[in-house]
Amino acid sequence: MSTPNGTAPEGRTSWKKTAAVAVPAVLAVGALATVMAQGVLAASFAVSGTNFQVASGKLTSNGLASYVHTDRDTDDHGHPVALLGIGQAHLTDICQAARVKTPLGTVVFKLTAGGDAGPVRADNLVIDGEDLVGDARFGTAQIGRDAGTLDSVPGVRGPRGKFGLQAGDIEVAGVKSHAWSATGGNFRLKGLRVSVGLDGRACF
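The rules behind the values
- Residues numbered from 1 in each chain as written.
- Predicted model: local features only at pLDDT ≥ 70, side-chain atom pairs only at ≥ 80, totals over all residues.
- Heavy atoms only, no water.
- Core = buried A, V, L, I, M, F, W, Y, C linked by side-chain atoms within 4.5 Å.
- Buried < 20%, exposed > 50% of the residue type's maximum accessible area, 1.4 Å probe, protein only.
- Helix = DSSP H or I, 4+ residues; strand = E, 2+ residues; numbered from the N terminus.
- Contact = heavy atoms within 4.5 Å.
- 1 Å grid on protein atoms, 1.4 Å probe; cavity = no way out; pocket = protein on both sides within 12 Å on 5 of 7 lines; lining within 4 Å.
- Points joined across faces, edges and corners; volume = space filled by probe spheres on them.
- Nonpolar A, V, L, I, M, F, W, Y, C, P; charged D, E, K, R; others polar.

*Asks:* How do you make sense of the nonpolar core when you look at a structure like this?
*Replies:* One finds L59, A89, L91 and L125 to be the most contacted residues of the largest nonpolar core, which totals 16 residues. Mapped onto this core, the elements with two or more residues apiece are β1 (52–61), β4 (89–92), β5 (94–102), β7 (120–129) and β11 (170–188). With 4 residues, the top contributor of residues to this core is β7. Setting aside residues up to four positions removed in sequence, L59 forms contacts with I86, A89, H90, L91, I170, E171, V172 and V175. Ranked by size, the runner-up nonpolar core spans 8 residues in total, among them Y67, V126, L150 and V153.

*Asks:* Is there a simple way to think about empty space enclosed by the protein in this case?
*Replies:* The gaps left among the atoms become clear once a water-sized probe is rolled over them. Inspection of the entire model under this criterion finds 1 cavity of 30 Å³ or more. Approximately 70 Å³ is the volume attributed to the largest cavity. Along its surface, the largest cavity is lined by V54, S56, L59, L84, I86, L91, I127, L132, V175 and S177. Contributing elements (two or more residues each) for the lining of the largest cavity: β1, β3 (78–87) and β11. Residue composition of the lining of the largest cavity, grouped by class: 8 nonpolar, 2 polar and no charged.

*Asks:* Mind showing me how you'd approach unusual backbone geometry here?
*Replies:* Keep in mind that most residues, glycine aside, have a negative phi and that most peptide bonds are trans. In this structure, D76 is a non-glycine residue whose phi angle is positive, near 65 degrees. One can find D76 in the loop between β2 (63–72) and β3. Here the phi dihedral of D93 falls at roughly 45 degrees; this positive angle occurs in a residue that is not glycine. Secondary-structure assignment places D93 in the loop between β4 and β5. On the basis of relative accessibility, which here comes to 47%, the residue D93 falls in the partly exposed class.

Interpretation note: all reported values are geometric properties and have no functional meaning in isolation.
Below is the structure:
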């Protein structure tokens, strides 16, 4: 609905304007993620003030690296996270959801992919998570390795002298996580669906 001059009435959201702003931003993030995956640029950006849910029926990868990291928002508030680097990830039934406050009330922004359309793929997936729940199987694991020497996932390496861990091939079923950011290169999202709703359901 719009007024005669084409502007949205006060208190309403102009979805056309939102799309005009969002599409270039999504393209920019995709280009940035590709550069990061090639090891050219470190993952460093201000996170929003809202964490989000990530879920998957099953996650498999040829390697995992992790260390403690701090994400910061635009107000310079710190959010301690476990940075999880996952090389050549394959995920089934992926879901991402965030609760976002708007003038109309709190909405759920939700992205789903995979399912019957096939697995989701991403190179050098990096998730900054508060937690990770699931049933896991690891290949050779190295717990307590210096974060500055991690080498199982290209480009994922922490500060020297800090605690880190890494593993070979991994498989995690029933993945559930609360995260502050997620980046990756060469995403292949089969069966992608994005929805926004006042009464929307989150992933879990």
